[in-house]
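Overview (structure and organization)
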Protein chains: 2
Amino acid sequence: QSTDKVLRHIVMFKFKDNTSAADVKKVEDAFRKLPSQIQEIKGFEWGTNNSPEGLAQGFTHCFFLTFDSEAGRAAYLPHPAHKAFGGVLGPHLDKVLVVDYWAGK
Amino acid sequence: QSTDKVLRHIVMFKFKDNTSAADVKKVEDAFRKLPSQIQEIKGFEWGTNNSPEGLAQGFTHCFFLTFDSEAGRAAYLPHPAHKAFGGVLGPHLDKVLVVDYWAGK
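Residues numbered from 1 in each chain as written. Chains lettered and ligands numbered in written order. Predicted model: local features only at pLDDT ≥ 70, side-chain atom pairs only at ≥ 80, totals over all residues. Heavy atoms only, no water.

A word on the sheet that holds strand S4 (residues 93-102) of chain B
Residue and element names in this part refer to chain B. The strand order across the open sheet formed by 4 strands is S2-S3-S1-S4, and the pairing between neighbours is antiparallel. Here the strands that pair on one side only, and so sit at the sheet edges, are strand S2 (43-48) and S4. The sheet shows a mean angle of 15° between the axes of neighbouring strands, taken without regard to direction. Pairing between S2 and strand S3 (residues 61-67): 6 bridges, direction antiparallel. (Pairing = 2+ DSSP bridges. Helix = DSSP H or I, 4+ residues; strand = E, 2+ residues; numbered from the N terminus. Axes fitted to C-alpha atoms, helices over the stretch in contact; angles between N-to-C directions.)

Here it is in structure tokens:
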């Protein structure tokens, strides 16, 4: 791939019905710390669903990460900080969706 | 909302098993034309899933649009060009996911 392309990594969560607001916040905060812990994350943003279309399949949270190479993603996925985040998330996760793509116009 | 925030609009598709590659391409091309037809679309990129994690729930295509306001989104959703795109997509659509969010850090 050319070096000016970016690899997007989209992660969506639906939390369990009995997950508290405080635990949702812990997961949000833990994910938001990852860019400071994993240098391969070149871009990061997130937010909660506000679509009026009713097609979110129950997903409420979206995290949008950018890598500049597949090697960057390959370093991120097994990174200890990412694994530790998984430990925070796991007990509260109902379902997850991950889609990655090279951004084209 | 402050004017420097951006409203993201993520759309994912899974096509029918019997949709031809040519018809998939027609849908891709039709979606890619929308930014030139709908001025409220302030950013546009797309790509096909290449995540190694196996958590894409069958979705193969992701389109990532940016609006600068909820009014922009409200103009986009019922826009005639968007509706025409829906006509191209509809016969080939197995499932769709739409999640929108105000981008935070």
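Notes on the relation of the copies chain B and chain A
Between chain B and chain A, the superposition needs a rotation of 180° and an axial shift of 0.0 Å, giving an RMSD of 0.0 Å. Taken together, the turn and the small shift mark the pair as related by a two-fold rotation axis. Proximity to the rotation axis, assessed at the C-alpha, singles out Ile 10 of chain B in chain B; its C-alpha lies 4.7 Å from the axis. By residue overlap, the copies meet face to face through one surface: 100% of the interface positions of chain B are interface positions in chain A. (Least-squares fit on C-alpha atoms with pLDDT ≥ 70 in both. Contact = heavy atoms within 4.5 Å.)

Here's the deal with the packing of helix H1 (residues 21-37) of chain B against helix H3 (residues 80-89) of chain B
Residues and elements named next belong to chain B. Axis separation between H1 and H3 bottoms out at 9 Å; the angle between their running directions is 175°. Of the possible angle classes, the one that applies to H1 and H3 is roughly antiparallel. Here Lys 26, Val 27, Ala 30, Phe 31, Leu 34 and Gln 37 of H1 lie close against H3, whose contacting residues are Ala 81, His 82, Phe 85, Val 88 and Leu 89. For the contact of H1 with H3, the per-class residue count stands at 8 nonpolar, 2 polar and 1 charged. (Parallel < 35°, antiparallel > 145°, perpendicular 65-115°, else oblique. Nonpolar A, V, L, I, M, F, W, Y, C, P; charged D, E, K, R; others polar.)

Some remarks on helix H3 (residues 80-89) of chain A
Structurally, the α-helix is built with 3.6 residues per turn, so residues lying three or four positions apart point the same way. Residues and elements named next belong to chain A. Three or more residues of H3 are buried, namely Ala 81, His 82, Phe 85 and Leu 89. Angular distribution of buried residues about the axis of H3 spans 100°; they occupy a single face of the element. With respect to the buried face of H3, the exposed residues turned more than 90 degrees away are Pro 80, Lys 83 and Gly 87. Where H3 is buried, its residues contact strand S1 (7-15), helix H1 (21-37), helix H2 (70-76) and strand S4 (93-102). (Buried < 20%, exposed > 50% of the residue type's maximum accessible area, 1.4 Å probe, protein only. Arc of directions from axis to C-beta.)

A look at the sheet that holds S4 of chain A
Residues and elements named next belong to chain A. If you walk across this open sheet you meet the 4 strands as S2-S3-S1-S4, and the pairing is antiparallel. Looking at which strands have only one partner, the edges of the open sheet turn out to be strand S2 (43-48) and S4. Strand-to-strand twist in this sheet, taken as the mean axis angle between neighbours without regard to direction, amounts to 15°. Across 7 bridges, the pairing between S1 and strand S3 (residues 61-67) is antiparallel. Considered in S3, the bridge of Phe 13 is made with His 61.

Some details on the interface of chain B and chain A
Taken residue by residue, the interface counts 35 residues in chain B and 35 residues in chain A. Counting each side, the surface lost to burial between chain B and chain A is near 3,100 Å², with a carbon and sulfur contribution of 54%. Looking at the side of chain B facing chain A, the largest losses of area belong to Glu 45, Tyr 101 and Lys 105 of chain B, adding up to 19% of the total buried there. Along the contact surface separating chain B from chain A lie 2 salt bridges. Of the charged contacts, one joins Glu 45 of chain A and Arg 8 of chain B as a salt bridge, the two residues approaching to 2.7 Å between their closest N and O atoms. Here chain B is connected to chain A by 24 residue pairs in polar contact (both at pLDDT 80 or more). Elements with a contribution of two residues or more to the side of chain B that touches chain A: strand S1 (7-15), S2, S3, helix H2 (70-76) and S4 of chain B. (Buried area = accessible area lost by both parts, 1.4 Å probe. Salt bridge = Lys/Arg side-chain N within 4 Å of Asp/Glu carboxyl O. Polar contact = N/O pair within 3.5 Å; in protein donor to acceptor, adjacent residues only side chain to side chain.)

From the geometry alone we can't say anything about function, so treat these as descriptive.
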